[in-house]
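Residues per chain, in single letters:
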Amino acid sequence: MQILVTPQELNEQCREWKAAGRTVALVPTMGYYHAGHEDLMRHGKSLADHLVVSLFVNPAQFGPAEDFEAYPRNSERDTAIAGACGADVLFMPQSGDMYAPDHGTWVDVPAMAQKLCGQSRPAFFRGVCTVVLKLFLLSQADAAVFGNKDWQQQAIVKRMARDLNVPIRIETRPTAREDDGLALSSRNVYLTPAERAQAPEIYLGLKQAQDMVSRGEKDPELLRAAVLRRWAERLPLGRLDYLSVVHPETLETVNCVAAPALAACAVHLGKARLIDNMLLYP
Ligand code: AMP
């Protein structure tokens, strides 16, 4: 596995592969790998001749009061994992090489980016889209892999690629979870033992909504009320950011679960802000 650090090196390597008729798959990440990342990488490897994994804690997607500095990092361990998962290139750029001091071009999908996580993180998806488009352009990837854990992110990236005619196939993978249901996240490391003990309730609350829908409940307000009641009892350390039932592609709020809908939430638990989601099938 090659470790490349400048955008130019990445582009040269990928252009060489493409000129030789080879295909490239890309897995963008911020590192501190867990089994969810590994699954994305192995899937990426199966999609193309060459796998590029990017590891970049993208400052543009963190707000001023957020955890950019504290975001967990372990590049030595991550390098070993990316290699074991079949990466041909691990791209680890410096911020200064990704963003010129006078960087001033942003990619945004405001209608989708202002919903859900965008309510409390207004510049987040603009930062994501901008860096993801840069990575698409540099790598010339034929396919890219994203996780459904960040549902809103994959939906926005798909819309961006469609709107801008980016010739890339976006594939998604199911959320990897701990045995007790907690979605794997690099940020789970922030949890104290007491918070960790309550954290599976995020998943269990969404699961309750899913069970209610499969038994015939269609009213999103009743679903929300039931989950919030449950969390008030069993997730007392949590502070709700949002819990919404939305159209899985447009992310518009739905007022009846007549077709598959997405229950998505963000919950502050101690220092961590955890997100999760689940599709509800009527
Ligand atoms: P991150 O490093 O957190 O920015 O995530 C990089 C990629 O891994 C994104 O496409 C995420 O959606 C995906 N990812 C993160 N956590 C999980 C998980 N628990 N299961 C599946 N994919 C995940």
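Source: prediction; values computed, not measured. (Residues numbered from 1 in each chain as written. Predicted model: local features only at pLDDT ≥ 70, side-chain atom pairs only at ≥ 80, totals over all residues. Heavy atoms only, no water.)

Trainee: So what's going on with the domain arrangement of the chain? Residues and values would help.
Mentor: Partitioning the chain into structural domains gives domain 1 (2-173) and domain 2 (186-276). With 21 residues of domain 1 in contact, the opposing surface of domain 2 contributes 17 residues. Area buried by domain 1 at its contact with domain 2 is led by Lys115, Leu116 and Trp151, which between them contribute 34% of it. The interface formed by domain 1 and domain 2 contains two salt bridges. In this structure, the salt-bridge partner of Glu252 is Lys115, at a minimum N-O distance of 3.8 Å. Here domain 1 and domain 2 share eight residue pairs in polar contact (both at pLDDT 80 or more) between them. Listing elements by their share of the side of domain 1 that touches domain 2, those giving two or more residues are α6 (117-120) and α8 (151-163). Residue contributions to the side of domain 1 that touches domain 2 peak at four residues, all from α8. A breakdown of the residues in the side of domain 1 that touches domain 2 according to their chemical character gives ten nonpolar, five polar and six charged. (Domains from an automatic or database assignment. Contact = heavy atoms within 4.5 Å. Buried area = accessible area lost by both parts, 1.4 Å probe. Salt bridge = Lys/Arg side-chain N within 4 Å of Asp/Glu carboxyl O. Polar contact = N/O pair within 3.5 Å; in protein donor to acceptor, adjacent residues only side chain to side chain. Helix = DSSP H or I, 4+ residues; strand = E, 2+ residues; numbered from the N terminus. Nonpolar A, V, L, I, M, F, W, Y, C, P; charged D, E, K, R; others polar.)

Trainee: How would you summarise the sheet that holds strand β7 (residues 238-246) if you had to cite specific residues and measurements?
Mentor: If you walk across this open sheet you meet the three strands as β7-β8-β9, and the pairing is antiparallel. Only two strands of the sheet have a single neighbouring strand rather than two, namely β7 and β9 (272-280). Neighbour-to-neighbour, the strand axes of the sheet open up by a mean angle of 15°, direction not taken into account. Note that strand β8 (residues 261-269) and β9 share nine bridges and pair antiparallel. In the strand pairing of β9, His268 is matched with Arg273. Contacting β7, β8 and β9, helix α11 (residues 220-234) crosses the sheet at an angle of about 160° to β7. (Pairing = 2+ DSSP bridges. Axes fitted to C-alpha atoms, helices over the stretch in contact; angles between N-to-C directions.)

Trainee: Break down the packing of aromatic side chains for me, citing the residues and quoting the values.
Mentor: Enumeration over the complete set of coordinates arrives at six aromatic pairs. Taking the centre distance of 5.4 Å and the plane angle of 65° together, the rings of Phe62 and Phe68 count as edge-to-face. Owing to a relative accessible area of 10%, Phe62 belongs among the buried residues under this scheme. Measuring from centroid to centroid gives 6.5 Å for Phe136 and Phe146, while their planes differ by 80°, and the two rings are edge-to-face. With a gap of ten residues between them, Phe136 in helix α7 (residues 124-139) and Phe146 in strand β5 (residues 143-147) connect regions that are remote in the sequence. (Phe/Tyr/Trp six-rings, centres within 6.5 Å; stacked < 30°, edge-to-face > 60°. Buried < 20%, exposed > 50% of the residue type's maximum accessible area, 1.4 Å probe, protein only.)

Trainee: Describe in detail helix α3 (residues 75-84), supporting the description with residues and values.
Mentor: When α3 is considered as a whole, its buried residues turn out to be Asp78, Thr79, Ile81 and Ala82. Down the axis of α3, the smallest arc covering the buried residues is 165°, so these residues share one side. More than 90 degrees from the buried face of α3, the exposed residues found are Glu76, Ala80 and Ala84. Structurally, α3 contributes buried residues whose contacts are with β1 (2-4), α2 (35-47), β3 (50-55) and β4 (89-91). Backbone geometry just after α3 places Gly86 at a positive phi near 100°. (Arc of directions from axis to C-beta.)

Trainee: Describe the pairing of strand β6 (residues 169-173), listing the residues and the values that go with them.
Mentor: Judged from the five bridges that link them, β5 and β6 form a sheet pairing that is parallel. Each bridged residue has a counterpart across the sheet, and for Phe146 the counterpart in β6 is Thr172. Once the chain exits β5 it traverses α8 before rejoining the sheet at β6, and the crossover so formed is right-handed. (Right-handed = clockwise from strand over helix to strand, strands pointing away.)

Trainee: Break down the sheet that holds β6 for me, with residues and values.
Mentor: Pairing in this open sheet of six strands is parallel, and the strands run β1-β4-β3-β2-β5-β6 from one edge to the other. Strand pairing shows two members of the sheet lacking a second neighbour, β1 and β6, which therefore form its edges. The average undirected angle you get between the axes of adjacent strands in this sheet is 25°. Bridging between strand β2 (residues 24-29) and β5 involves two bridges; their strand directions are parallel. For Leu26, the partnering residue across the bridge sits in β5 and is Ala144.

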